[in-house]
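Geometric and topological summary
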Amino acid sequence: MNKLLCSLCVLLLLMACAEKKTTPEVDVTIDYADMTYWYAFGENDKRADVFYVYPSVSTISFVDNDSSWFADITQAEVREEANGNQRFNKMLYDDYNFYAPYYRQMIFESYTQPDSILQRNAEFAAQDVKDAFQYYMVHGNGGRPFFLVGHSQGSQVLIELLKDGMTEEQRNLMVAAYCIGYHVTAEEMAQYPEQLCPAHDSAEVGKLIIFNSVTDTTAIGMVSRGDVAGVIPTVWSAVTDTIPADCQLGMAKYNDSRDSVLIVPCPTRTYVYKHNTVCPDLDPDMVFIPAYEDMFPRGNLHFADSWLFAGNVKQNMACRLRNWKAKN
């Protein structure tokens, strides 16, 4: 009898451990009043703000993460993984007050899962960003115009914020949403025609801006396949002509000696193909990672998108801000 009870207890313990391992706690809300969960919360001394959301940076695996699909930002080492990217972008967008929350982003393996799991995980990550944005609007924004800027998964969750995470008053303060390195489908556009309204030129305000880059048309990957909103960032439209190389205003590069981010030349012709920006003059191995070839084939420039057209982005932000101020 004692042996039976002992065996039963062991079985129940194993079942409990298995349940804990496969069912991560996802119902706890992050308190964004705690500055632990912000990389930066602005200095409020500049004319406009950038609300920035970083891409997939977590290197942890599903097995090593207690079978959780999310990065646990309550852990300092997990927050640290995002700091290099956020520091680079804070220096890049130094013309603006920089607000950048940490969020429980999906670990990279989420993107290999069935759509049902991926969608559930994406909604959870997006909720953190919605909560952080609302805290920023109430306690940081102060009525200033702002830009939304993200890359990859950061853009993915910002698109969810645009869909249903902003009030009309907040939306009126948005100069533009640069959701770099992601996509919007025709179904999403039909469901959210006002919230996901793409810009069609270099001057419109309050609109969504998306671009994804490749060196040739065979290199389009899963992140941008099926996109219906992407433009060429050298002219901020989806014109079909080939744009001259001198319209590329430079890429962002970290300068170690100055501890700063500089804009350096990176000339390339550009043209649009299925809402992707084709850059035929760039090296297809520029950011190619063989381990991710299934998602980002050789010639796919996804890992460069956030800095490849930085000169154009910075110039365009200044242009749209001038237009926003003229209208308001």
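Now for a look at the structure at hand. Not measured: the values here are computed from a predicted model.

Quick notes on the pattern of salt bridges
Considering all chains together, one arrives at ten salt bridges under this definition. In this structure, arginine 104 engages aspartate 128 in a salt bridge whose closest nitrogen and oxygen atoms are separated by 2.8 Å. One end of the pair, arginine 104, is in the loop between β3 (97–101) and α3 (115–141); the other, aspartate 128, is in helix α3, and 24 residues separate them in sequence. Each member of the pair, arginine 104 together with aspartate 128, is buried. Several salt bridges converge on common partners, so that one network encompasses Glu160, Lys163 and Glu188.

Looking at the packing of α3 against helix α4 (residues 153–164)
Close contact between α3 and α4 brings their axes to 9 Å; oriented N to C, the two are set at 70°. As judged from the angle between their axes, α3 and α4 are roughly perpendicular. The element α3 and its partner α4 pack so that their crossing is right-handed. Seen from α3, the contacting residues are Ala122, Ala125, Ala126, Val129, Lys130 and Phe133; seen from α4, they are Gln153, Gln156, Val157, Leu158, Glu160, Leu161 and Asp164. Of the residues assigned to the contact of α3 with α4, the class counts are eight nonpolar, two polar and three charged.

Here's the deal with the sheet that holds strand β11 (residues 276–278)
Pairing in this open sheet of three strands is mixed, and the strands run β7-β11-β10 from one edge to the other. Edge positions in the open sheet fall to β7 (213–214) and β10 (271–273), since each of these has one partner strand only.

So, the side chain of arginine 79
For arginine 79, the location among the structural elements is in helix α2 (residues 76–92). It is aspartate 72 that comes nearest to the buried, bridge-free arginine 79 among opposite-charge side chains, at 7.4 Å. For arginine 79, the residues in contact, after removing those within four places along its chain, are Thr36, Ile73, Thr74 and Tyr102.

A look at the pairing of strand β8 (residues 251–255)
Relative to strand β9 (residues 260–264), β8 runs antiparallel, the two being bridged by five bridges. Residue pairing in the sheet places alanine 252 in a bridge with isoleucine 263 of β9. Hairpin connection between β8 and β9: a loop of four residues separates the two successive antiparallel strands, and aspartate 259 in this loop has a positive phi of roughly 50°.

Cut-offs used in this document
- Residues numbered from 1 in each chain as written.
- Predicted model: local features only at pLDDT ≥ 70, side-chain atom pairs only at ≥ 80, totals over all residues.
- Heavy atoms only, no water.
- Salt bridge = Lys/Arg side-chain N within 4 Å of Asp/Glu carboxyl O.
- Helix = DSSP H or I, 4+ residues; strand = E, 2+ residues; numbered from the N terminus.
- Buried < 20%, exposed > 50% of the residue type's maximum accessible area, 1.4 Å probe, protein only.
- Axes fitted to C-alpha atoms, helices over the stretch in contact; angles between N-to-C directions.
- Parallel < 35°, antiparallel > 145°, perpendicular 65-115°, else oblique.
- Left-handed = near helix turned anticlockwise from the far one by under 90°.
- Contact = heavy atoms within 4.5 Å.
- Nonpolar A, V, L, I, M, F, W, Y, C, P; charged D, E, K, R; others polar.
- Pairing = 2+ DSSP bridges.
- Lys, Arg positive; Asp, Glu negative; His and termini not counted.

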